[in-house]
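Descriptive structure summary
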Amino acid sequence: MLEYKAARRGRTFAKTNQFLPTSQTCSTCGRIDGPKPLSVRSWTCPLRGRP
């Protein structure tokens, strides 16, 4: 349903693996930093120096 709605509005729809650790992945360089405790809400990538 989301895929066809995105197509109707000219938007991009991306499907990801449900086990992909996206909250542990740097959005800039793609480095996976590993699990973090729930108290950590943001982290800085050691390679890029960006949150």
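Basis of the calculations
- Residues numbered from 1 in each chain as written.
- Predicted model: local features only at pLDDT ≥ 70, side-chain atom pairs only at ≥ 80, totals over all residues.
- Heavy atoms only, no water.
- Helix = DSSP H or I, 4+ residues; strand = E, 2+ residues; numbered from the N terminus.
- Rg over C-alpha atoms; globule rule 2.2 N^0.38 Å.
- Buried < 20%, exposed > 50% of the residue type's maximum accessible area, 1.4 Å probe, protein only.
- Contact = heavy atoms within 4.5 Å.
- Areas by Shrake-Rupley, 256 points an atom, 1.4 Å probe, with all protein chains shown as cover.
- Salt bridge = Lys/Arg side-chain N within 4 Å of Asp/Glu carboxyl O.
- Phe/Tyr/Trp six-rings, centres within 6.5 Å; stacked < 30°, edge-to-face > 60°.
- Lys NZ or Arg CZ within 6 Å of the ring centre and 35° of its normal.
- Disulfide = S-S within 2.5 Å.

A look at the overall build of the protein chain
Across its full length, the protein chain carries one helix and zero strands. Since a compact globule built from 51 residues should have a radius of gyration of about 10 Å, the 15 Å found for the protein chain marks it as more spread out than a globular shape. Principal-axis analysis of the C-alpha atoms places the extent of the protein chain at approximately 40 × 20 × 15 Å. Across the 51 residues of the protein chain, 10% fall into the buried class. For the protein chain, contacts bridging at least 24 residues in sequence account for 0% of all contacts bridging at least 6. Just so you have it, the protein chain exposes about 4800 Å², and 51% of that area is on carbon and sulfur atoms.

Looking at the pattern of salt bridges
Following the criterion strictly, the structure yields two salt bridges and no others. Between Asp33 and Arg31 there is a salt bridge; the shortest N-O distance is 2.6 Å. Using a relative accessible area of 32% as the deciding quantity, one classes Asp33 as partly exposed. One salt bridge connects Lys36 with Asp33, and the closest N-O pair in it is separated by 3.3 Å.

A word on the packing of aromatic side chains
Counting across every chain of the model gives zero aromatic pairs. The lysine or arginine in question, Lys36, covers the ring of Trp43, its NZ or CZ lying 4.5 Å from the ring centre.

Points about the state of the cysteines
If you walk through the whole model with that rule in mind, you get zero disulfides. Of all cysteine sulfurs, the one in Cys29 lies closest to Cys26, which takes part in no disulfide; the gap is 3.7 Å. Left unpaired, Cys45 is separated from the closest cysteine sulfur, that of Cys29, by 3.7 Å. Among the residues examined, Cys45 registers a relative accessible area of 1% and is labelled buried.

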